[in-house]
Amino acid sequence: MKPYPFIYLFIISLSFGYSQNIYQKDTLTILADSLQLKGEYDQALIFRKQAIQTLNNSSVDYQTYLKAKLFHTNSASMEFKSYDYHNVDKTITKKVREQYLDSALQSAISARDLYSREKHPDRIFQYQIQNRIYHQTAYLGNWEHALEQAQLGYEVLKDTLSNKDKSFVDLIYDIGFIYSALGDYSKAVEHYQTSLDLYKSIIGEYNTDVAQAYNNIAVEYRYLGLKTKELESLLKAKTIWEALDENDNQQFLYSCYGNLFYWYSYYGDFDKAEEYILKKDKLRTIAKTTKNNLLLRNKEEIYEDQLSNWYDLMLHYSRKKDTLKTVYYTDAIIKTIDTRKKLSRFEVNTLSATLKFYASIIATKQPEKALQLLNKTIAITEDYKTEYYTKAFSTKLYKAELLIEGRNFDEASILLDQLKDFKEDEATSSQFKLAILNAKTAQGLDQKEASKHYFDEAFRVVNNSNKTIEDLKLEDLKPLISFETIAGFLAMGDFYFERYNEDHSKINLEKATQRYVLASEIYNQLYLGQRYNESLFLNYNAINKGLLKVASAQSDDTSLLSEILNSIENNGSKLTWSKFVFNNQRQQLNIPQNLINQEENIKAQLNFYQKALIDLKQGSDEKKSLWQNKIFKLKNDLDKLQDSIKQQNQTYYQFNVQHFDIKTLQEDLKDNEGVVKYIFTEDKLYPFLITKSQIKILPQSDKTIVISALKTCLSTLKERTPNYQESFKRLSTLLLPQLNYGDYEKLTIIPDGAIHYLPFEAFLLEENMPLISYGSSLLLYQEQKKIKSSFEKVKIGAFSASNLESKLPKASSELNAILNIFNGDAFLNASKLNFMNQANNFNVLHLAMHSNIDEVHPEFSSLNFYGEEDNLLFISELYNETLKANMAVLSACDTGNGFYENGEGVISLSRAFNYAGVPSTVMSLWKVEDEATAKIMSYFYTHLKQGEFKDEALKNAKLDYLKHTDDDLLKHPYYWSGFVISGNTDALVETQYYWVYVLIGLFVGVLFFRKRLIQFFKK
């Protein structure tokens, strides 16, 4: 049942061409058939009537056939006239449309009843009649009857046409559409999928019928809770319709964009959601200026579009936490839909969804009003359930959820009990949620066995195999990949962990572990691998909390600790890692120049519009919208181009880009090397120690205590407080509990949360302390470690900038000192253009200049090059670059500092260089002092020249600074601890052990000389 009626007519008309009539048709009937095929129904009716009058002496069977033909043509004619309801030039009222459809249906029924008397009917013509009946019945809103009629049509055709005939496939598709209207989404998916596969085999992938099937099946996946399948289908539909680029498809594409908005809004990717709002706006604007407006063809469609747009914006702004705009659009919908009159199907669905949504946003502060809104929603749904097949099941489930949150368990129990008799008619996702809510209610009523029963029932609902509950793996479950499913499995895990705390039963602990691990695996299927957002982070945090609880209870199980760390790492943001892998590995590929030119052009435009957008003054909404749309398009173009580069080098990327496995990391560690990974949950800090031979979970600390101690230390550092030792010692005990760091030559810190801002050297620095380096994630650190130095000749590109308003008097001497140690070029008072043009001529980049941290728009933090105009190199620009350097030394203020974004870490300049493919960065964690910086950098490069590892060179540079600084005030950790190294720490210069060769030579010489002496004295 495709939503654009002219297509139905075209398909129906085409089917006449396949008619295999058993009669030798007369010329008048042949002429009438030809006219009907062209849609000239009035002329066709004239010739139908003439045929009946002229051939009144023909056989009874043939006369019956002619009369049935007349009724059928009249039915098609009346239906065609009803389409004027959607014709902007000939708009008719809704009532007149229904009158036309009713007349059309009566004529079609007359044709069917008349022709049913035939002993040997033409099956194709018989189906054409039936086709009209089920379509017209559906148009009139009687979906149950439409299904019966469509299934009768299927019986007519199944033995007449092959499944390669498009008419037959259209029928399968239509049955799926009817099932959807009746709320049987599983059946709808089944029929859509069958029609989709057949369409592709008959007419190919790039066809509007295929796109429609993808779009509609995506909507069913939404209702079924299959979120990843929903997105996959929507993107396929979008790709096809955008490629077809035909005006007739704009209505479908408009709907598809709306569905994509809905998905990305649910997922929490607001930028992507906004992209599709802008795309819809653009199509709407184009449609208004087009003579044949196929989007908004009458007042009803304009009205529905307005409500739909308000609904989209209501969702969008609520998730962006803009309460005023959310309430504005919510009120607009509620006030516009007049409940005093009979509502249309669209109004019922929109109002119900809006009231339910409104209840969700006020539930915390106004629980009673929220329940009232849900009662109103249920009443509306019940009023129209016979006419529009609306269901109150999901609303009642949500009402029960609010009652449970309000600890009103008795009322929730009564409501849930009422739903048990209807659950078999609901989708798996709804049955799953019902079981979970029943379990939570039983928990609240302290009915532990009942709660266990319902949690196990939830598991059985999603069980897609014959395995027992305790043996189930992710592949054994139905593909319910959604945040709601994750929440259900977490609730199961919490229940069993609570029971374990009560009885210390190993079985309950194993059950809790299994549920948490499954929640983690479901999350991994849902996460797209792009930038984190609030929804992703909240779910990630909740999963980690469960995993870490069971890890602490089984701290001796190394295999489990490995599995849990793998889950946490693979579920973490992969954005920086994926960008680093692409930009670093692409340097080894032979990319065609035309692709490079295209890429550079897109990047240049993207940088321009991003900067222009941030500089745009208030009140320029039209320009803002235009530029946002341009940025979205350019980002998509860049993604597509880079995807094509990956595809052309598919073997290379498949070989190198893999999921994180901690065993691989351990194998690459040395015996005296450790990695400490920190994970914050909402109330605790969990430190893990990873070595070559073990994984150990260290004692946990209270998050509040850690954050308080951390703030004290950071304040002590930045304010240069003299008596800092005691606070440092306390923090060291919290962050490195029961860890004798003297046992290690090297420690790599993988921080979380505010720990990103702390240099561990501040409380560890001494001669025998381990080498300290950092990584933003285990996944990225492992990838950075793979980049082995070729020990080619080091060539440093040293850039400085000292503007009048922010001078750095020691910057030029810093660069000169470095270039006295290594070869390279100095760019004193370098412009941004100098850097962009010259950067890839060097394998080490050194930047000595000021930086800006923008906490409102962190990606517009910048390095400040020389000059008054276009002198800022933004993080967002570096994101789009590919740099060939082995190391970047950011000898500027705050280059490791920035806005901390949940799930993504610190949005810093150092991170931007990782994006660009640089495996090693030296960065500052606060505003560093100019003279101390120059000294430390000179010492750092001196030690690098001697072949020391980068972290070793930085440690020794700090020790040298302390050794050669006489002023005790300048020995404060503020002056030397702020510089840290992240990523790969391999040496830049191959160590030359000349002294070993000298000793060996002396030893050989002594032996030779000793032998000669013995021989001499023997004489």
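My aim in this report is to walk through the structure given alongside it, one point at a time.

Calculation rules
Residues numbered from 1 in each chain as written. Predicted model: local features only at pLDDT ≥ 70, side-chain atom pairs only at ≥ 80, totals over all residues. Heavy atoms only, no water. Helix = DSSP H or I, 4+ residues; strand = E, 2+ residues; numbered from the N terminus. Buried < 20%, exposed > 50% of the residue type's maximum accessible area, 1.4 Å probe, protein only. Contact = heavy atoms within 4.5 Å. Areas by Shrake-Rupley, 256 points an atom, 1.4 Å probe, with all protein chains shown as cover. Lys, Arg positive; Asp, Glu negative; His and termini not counted. Charge placed at Lys NZ, Arg CZ, Asp CG, Glu CD. Pairing = 2+ DSSP bridges. Phe/Tyr/Trp six-rings, centres within 6.5 Å; stacked < 30°, edge-to-face > 60°. Lys NZ or Arg CZ within 6 Å of the ring centre and 35° of its normal. Core = buried A, V, L, I, M, F, W, Y, C linked by side-chain atoms within 4.5 Å. Axes fitted to C-alpha atoms, helices over the stretch in contact; angles between N-to-C directions. Parallel < 35°, antiparallel > 145°, perpendicular 65-115°, else oblique. Left-handed = near helix turned anticlockwise from the far one by under 90°. Nonpolar A, V, L, I, M, F, W, Y, C, P; charged D, E, K, R; others polar. Salt bridge = Lys/Arg side-chain N within 4 Å of Asp/Glu carboxyl O.

1. What about the overall build of the protein?
Looking only at helices and strands, the protein has 43 helices and 17 strands in total. On the principal axes, the C-alpha backbone points of the protein span a range of 145 × 75 × 70 Å. The proportion of buried residues among the 1019 residues of the protein is 56%. Once local pairs closer than 6 in sequence are excluded, the contacts in the protein between residues at least 24 apart make up 70%. Counting only carbon and sulfur atoms, one obtains 50% of the accessible surface of the protein, whose full area is about 46500 Å². One way to put it: in the protein the 120 positive side-chain charges average out to a point 2 Å from where the 131 negative ones average out.

2. Observations regarding the pairing of strand E2 (residues 684-691)
The element E2 is largely enclosed, with a buried count of seven among its eight residues. Pairing between strand E1 (residues 673-680) and E2: seven bridges, direction antiparallel. Note on E2: the bridge partner recorded for Phe680 is Leu685. Examined bridge by bridge, E2 and strand E4 (residues 701-702) share two bridges and lie antiparallel to one another. Within E4, the position partnered with Lys684 by the bridge is Asp702. Pairing of E2 with strand E3 (residues 695-697), which is carried by three bridges, proceeds in the antiparallel orientation. Of the residues in E3, the one forming a bridge with Phe688 is Ile697.

3. Details of the packing of aromatic side chains
This model, assessed by the stated rule, comprises 44 aromatic pairs. Between Tyr115 and Phe125, the aromatic rings sit 5.1 Å apart at their centres with planes inclined by 75 degrees, giving edge-to-face as the arrangement. Taken together, the residues span a long stretch of sequence, with Tyr115 in helix H5 (residues 94-115) and Phe125 in helix H6 (residues 123-139) at a distance of 10 residues. The exposure classification of Tyr115 matches that of Phe125, with both residues buried. Aromatic rings pair up to connect Tyr257, Trp263, Tyr264, Tyr267 and Tyr276 into one cluster. It is Arg222 that lies over the ring of Tyr262; its NZ or CZ is 4.0 Å from the centre.

4. Focus: the sheet that holds strand E12 (residues 872-874)
Spatially, E10-E11-E12 is the arrangement adopted by the three strands of the open sheet, whose pairing is antiparallel. For this open sheet the edge positions go to strand E10 (851-852) and E12, each flanked by a neighbour on one side alone.

5. Quick look at the nonpolar core
In this structure, Phe459, Ile486, Phe489 and Phe688 are the most contacted members of the largest nonpolar core, which totals 168 residues. Of all the elements, helix H12 (residues 250-267) adds the most residues to this core, at 11 residues. Not counting chain neighbours up to four residues away, the residues in contact with Ile486 comprise Ala519, Ile522, Tyr523, Leu526, Asn539 and Ile543. By size, the runner-up hydrophobic cluster in this structure holds 70 residues, among which are Leu698, Leu747, Ile749 and Val980.

6. What to know about the side chain of Thr576
Relative to the helices and strands, Thr576 is located in helix H27 (residues 575-585). Take Thr576: its relative accessible area is 11%, and that puts it in the buried class. When residues no more than four places from it in sequence are discounted, the contact partners of Thr576 are Leu780, Glu904, Arg911, Asn914 and Tyr915.

7. Observations concerning the pairing of strand E13 (residues 887-890)
Every other side chain in a regular strand lies on the same face of the sheet, so the side chains alternate between the two faces. Burial along E13 is two-sided: Met887 and Val889 facing one way and Ala888 and Leu890 facing the other are all buried. Bridge count for strand E9 (residues 844-848) against E13 is four bridges, and the pairing is parallel. Looking across to E13, one finds that His846 is bridged to Val889. The pairing of E13 with strand E16 (residues 920-924) spans two bridges and is classified as parallel. Across the sheet, the residue bridging to Val889 is Val922, located in E16.

8. Looking at the packing of helix H2 (residues 27-37) against helix H3 (residues 41-54)
Relative orientation of the contacting elements H2 and H3 amounts to 165 degrees, with a least axis distance of 8 Å. The orientation of H2 with respect to H3, classified from their angle, is roughly antiparallel. For the crossing formed where H2 meets H3, the hand is left-handed. Here Leu28, Thr29, Leu31, Ala32, Asp33, Leu35 and Gln36 of H2 lie close against H3, whose contacting residues are Tyr41, Gln43, Ala44, Phe47, Arg48, Gln50, Ala51 and Thr54. Considering only residue class, the contact of H2 with H3 consists of eight nonpolar, five polar and two charged.

9. Overview of the packing of helix H23 (residues 483-503) against helix H25 (residues 534-553)
One way to put it is that H23 packs onto H25 with a least axis distance of 11 Å and a crossing angle of 25 degrees. Accordingly, the angle class assigned to the pair H23 and H25 is roughly parallel. In this structure, H23 crosses over H25, and the sense of that crossing is left-handed. Residue-level contacts link Phe483, Ile486, Leu490, Asp494, Phe497 and Tyr500 of H23 to Ser535, Leu536, Asn539, Ala542, Ile543, Lys549, Val550 and Ala553 of H25. Class assignment for the residues of the contact of H23 with H25 results in 10 nonpolar, two polar and two charged.

10. As for the pattern of salt bridges
Across all of its chains, the model carries 43 salt bridges by this definition. The salt bridge partner of Lys236 is Glu232, with a shortest N-O separation of 3.4 Å. You can see Lys236 and its partner Glu232 sitting in helix H11 (residues 227-244), four residues apart, about one turn around the helix. Between Glu457 and Lys423 there is a salt bridge, with its nearest N and O atoms 3.1 Å apart. Placement of the pair is Glu457 in helix H22 (residues 448-462) and Lys423 in the loop between helix H20 (409-419) and helix H21 (428-444), with a sequence separation of 34 residues. Where salt bridges share partners, they join Lys25, Asp33, Arg48 and Lys69 into one cluster.

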